[in-house]
Amino acid sequence: MKIAITGVTGSIGTQTLEVLEFLKNKGFDFEIVGVSAGSNDKKLIEIIKKWNPKYAAIEKKELSEKIENTNVFSGNGATLKMLKNSKPDFTIVATGGAAGIRHTLKAIEVSKRIGLANKESIVCGGNMLLNYAKEHNTEIIPVDSEHSALFQLKNGDDIPYKLIITASGGALRDVPLEELENVTVEDVLNHPVWSMGKRITIDSATMVNKGLEVIEAYYLFGIKNIDVVINRNSHIHSIIAYKDGVMKFHYGIPDMKIPIAYSITYPKRIFEYKLPDITLEPVKFEKVDYNRYPALKLAFEILGNQKLQITFNAADEIAVKLFLERKIKYTDIYKIVKNSVDYFEKQNIVLNDFEDIINLDREVRIYAEKIFS
Ligand SMILES: NC(=O)C1=CN([C@@H]2O[C@H](COP(=O)(O)OP(=O)(O)OC[C@H]3O[C@@H](n4cnc5c(N)ncnc54)[C@H](OP(=O)(O)O)[C@@H]3O)[C@@H](O)[C@H]2O)C=CC1
Ligand SMILES: CC(=O)[C@@H](O)[C@H](O)COP(=O)(O)O
Ligand SMILES: [Mn+2]
């Protein structure tokens, strides 16, 4: 199997390499033909030296040293060139943010299967993107832990009545509401369960991530009857409920290597992991307090409206960037998202093709950047 990985230097990208290391020792036959990154050339060079891919790409800068035996593309669109040249059978799209949309589209064109971690592609692309995959006979296996769980729980003949997506509640889940406006970047990045990239970690605290995941589940599984509950230890990754009252839980130790591996080896399970001791880890759920997580309520309100989904994501990417730059408070993140959604709701925008999606994403970023300037 020829494998390509976008966003290889990030949290999902590096965990994918750990999974492949394990699968190689189990005799799984593959070759990494392509890798790409944004600007972390030091880490990319390390990865190229270890895995010798035929092609590599870095979007925002040149490599700081010459690499033998690997064709390296750099600059805007470098990942697209890497994917086109490496012709992978399987691509893990682990790019962060809406920048991953173009990568997913190219991966759909050149691969037989995609392990899709980049949830923004589905949130912004919606059915346009899923239909594009169908037209190219490209399989999309979700890597996002909740959607991997739902994918594994769902079997053809059973018609789910409701999808229940779980959430950890994020790093600020026990901070009194009145103290939220004074939390620091470090407080928000201190996730109680998962070790992830910065944006998704902040999105976990605001539950923008859960909002993105509700939208992702709606398109992936075609069901609007979705709920969210808090499972603090993130051992239940999602639930499918049926009309007869039966609920199927997906239980496992929270580690992204598991859904990553499953997307590569599906329908086989080759990856191995320690079995949880279920007598030690209770199964408990709590209702979501929408006063604490207004962004999740907003996501349910815009569910299915592709223009506002693109806006919700792009405004959040800008708000998170400004928060990380310490230019706004934590509580301003939701204000920027809400303001942008309210503004673009009034704009007459038609989404006919993927360029329209990318143009709207850009327009929202420009608008969102100015709200607190
Ligand atoms: N981390 C996790 O546990 C989970 C992540 N996901 C999803 O997976 C995706 C990746 O998340 P995560 O790994 O946490 O993110 P990280 O921030 O850790 O990594 C992002 C990766 O994307 C690359 N990148 C960023 N911008 C660009 C760009 N414009 N062009 C090309 N490459 C770019 C980065 O390169 P560089 O390092 O060079 O900047 C890096 O390799 C996201 O969509 C996230 O929602 C979903 C579920 C869980
Ligand atoms: C690991 C994963 O899939 C993340 O999307 C995770 O769900 C984030 O944590 P929250 O559940 O708190 O959003
Ligand atoms: Mn998730």
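Residues numbered from 1 in each chain as written. Chains lettered and ligands numbered in written order. Predicted model: local features only at pLDDT ≥ 70, side-chain atom pairs only at ≥ 80, totals over all residues. Heavy atoms only, no water.

### Some details on the overall build of the protein
Counting its secondary structure elements, the protein contains 14 helices and 12 strands. Rg of the C-alpha trace for the protein: 20 Å, near the compact-globule value of 21 Å for 373 residues, within the 12% margin. Seen through its C-alpha atoms, the protein measures out along the principal axes to roughly 55 × 50 × 40 Å. Looking at the protein as a whole, 55% of its 373 residues are labelled buried. Across the protein, every contact between residues at least 6 apart in sequence was considered, and the portion connecting residues at least 24 apart equals 65%. The protein carries 49 positive and 49 negative side-chain charges, and their two centres are separated by 3 Å. (Helix = DSSP H or I, 4+ residues; strand = E, 2+ residues; numbered from the N terminus. Rg over C-alpha atoms; globule rule 2.2 N^0.38 Å. Buried < 20%, exposed > 50% of the residue type's maximum accessible area, 1.4 Å probe, protein only. Contact = heavy atoms within 4.5 Å. Lys, Arg positive; Asp, Glu negative; His and termini not counted. Charge placed at Lys NZ, Arg CZ, Asp CG, Glu CD.)

### Details of the UniProt feature "binding site: NADPH" (unreviewed entry) in the protein
Feature annotation in UniProt assigns "binding site: NADPH" (unreviewed entry) to the following positions: Thr9, Gly10, Ser11, Ile12, Gly38, Asn40, Asn118, Glu120 and Gly197. You can see Ile12 is positioned in helix H1 (residues 11-25). Classification of Ile12 by relative accessible area gives buried; the value is 17%. Mapped onto the elements of the fold, Glu120 is located in helix H5 (residues 119-135). Glu120 sits in the buried class, given a relative accessible area of 8%. (UniProt positions renumbered as here; feature names shortened; annotations may be inferred.)

### Focus on helix H9 (residues 208-221)
Over its 14 residues, H9 extends 20 Å from the first C-alpha to the last, a length consistent with the 20 Å expected when each residue adds 1.5 Å. Looking at H9, one finds that the buried residues are Val208, Asn209, Lys210, Gly211, Leu212, Glu213, Val214, Ile215, Glu216, Ala217, Tyr219 and Phe221. (Expected span 1.5 Å × (residues − 1).)

### Thoughts on the site of ligand 2
Not every one of the 17 residues close to ligand 2 is listed here, only the nearest: Ser145, Glu146, Ser168, Ser204 and Glu213. Between an oxygen atom of ligand 2 and a side-chain N or O atom of Ser168, the distance comes to 2.5 Å. For ligand 2, an oxygen atom lies 2.9 Å from a polar atom in the side chain of Lys210. Relative to its unbound accessible area of 350 Å², ligand 2 is 97% covered by the protein chains. No other element matches the three residues that H9 contributes to the shell around ligand 2. (Near = heavy atom within 4 Å. Polar contact = N/O pair within 3.5 Å; in protein donor to acceptor, adjacent residues only side chain to side chain. Areas by Shrake-Rupley, 256 points an atom, 1.4 Å probe, with all protein chains shown as cover.)

### Focus on the sheet that holds strand E10 (residues 236-241)
Read from one edge of the open sheet, five strands run E11-E10-E8-E9-E12, paired in mixed fashion. Of all the strands in the sheet, just strand E11 (247-251) and strand E12 (286-287) have a single pairing partner and so form its edges. Bridge analysis of strand E8 (residues 162-167) against E10 gives four bridges, and the strand direction is antiparallel. Bridging from a neighbouring strand, Lys162 pairs with Ala241 of E10. Contacts between helix H6 (residues 145-153) and the sheet are confined to E8, E10 and E11, with E10 contributing the most and set at about 45° to the helix. Relative to E8, H9 is tilted by about 150°, and along the sheet it contacts E8 and strand E9 (226-230). (Pairing = 2+ DSSP bridges. Axes fitted to C-alpha atoms, helices over the stretch in contact; angles between N-to-C directions.)

### Quick look at the site of ligand 1
In the neighbourhood of ligand 1, 26 residues make up the surrounding shell, with Thr9, Gly38, Ser39, Asn40 and Glu120 lying closest. Within the side chain of Thr9, a nitrogen or oxygen atom sits 2.7 Å from an oxygen atom of ligand 1. In this structure, Glu120 approaches ligand 1 through a side-chain N or O atom, which is 2.7 Å from an oxygen atom. The protein chains hide 84% of the 890 Å² of surface that ligand 1 would expose on its own. Of all the secondary structure elements, the ones that give two or more residues to the shell around ligand 1 are H1 and H5. The residue makeup of the shell around ligand 1, split by class, is nine nonpolar, 12 polar and five charged. Residue assignment places the shell around ligand 1 across two domains, with domain 1 (2-143) and domain 2 (145-253 + 276-304) each supplying three or more. (Nonpolar A, V, L, I, M, F, W, Y, C, P; charged D, E, K, R; others polar. Domains from an automatic or database assignment.)

### Points about the side chain of Ser340
Inspection of the secondary structure assignment puts Ser340 in helix H13 (residues 330-345). At 2.7 Å, the side chain of Ser340 forms a polar contact with the backbone oxygen of Ile336. Excluding its chain neighbours within four sequence positions, the residues that come into contact with Ser340 are Thr311, Ala315, Tyr367, Ala368 and Ile371.

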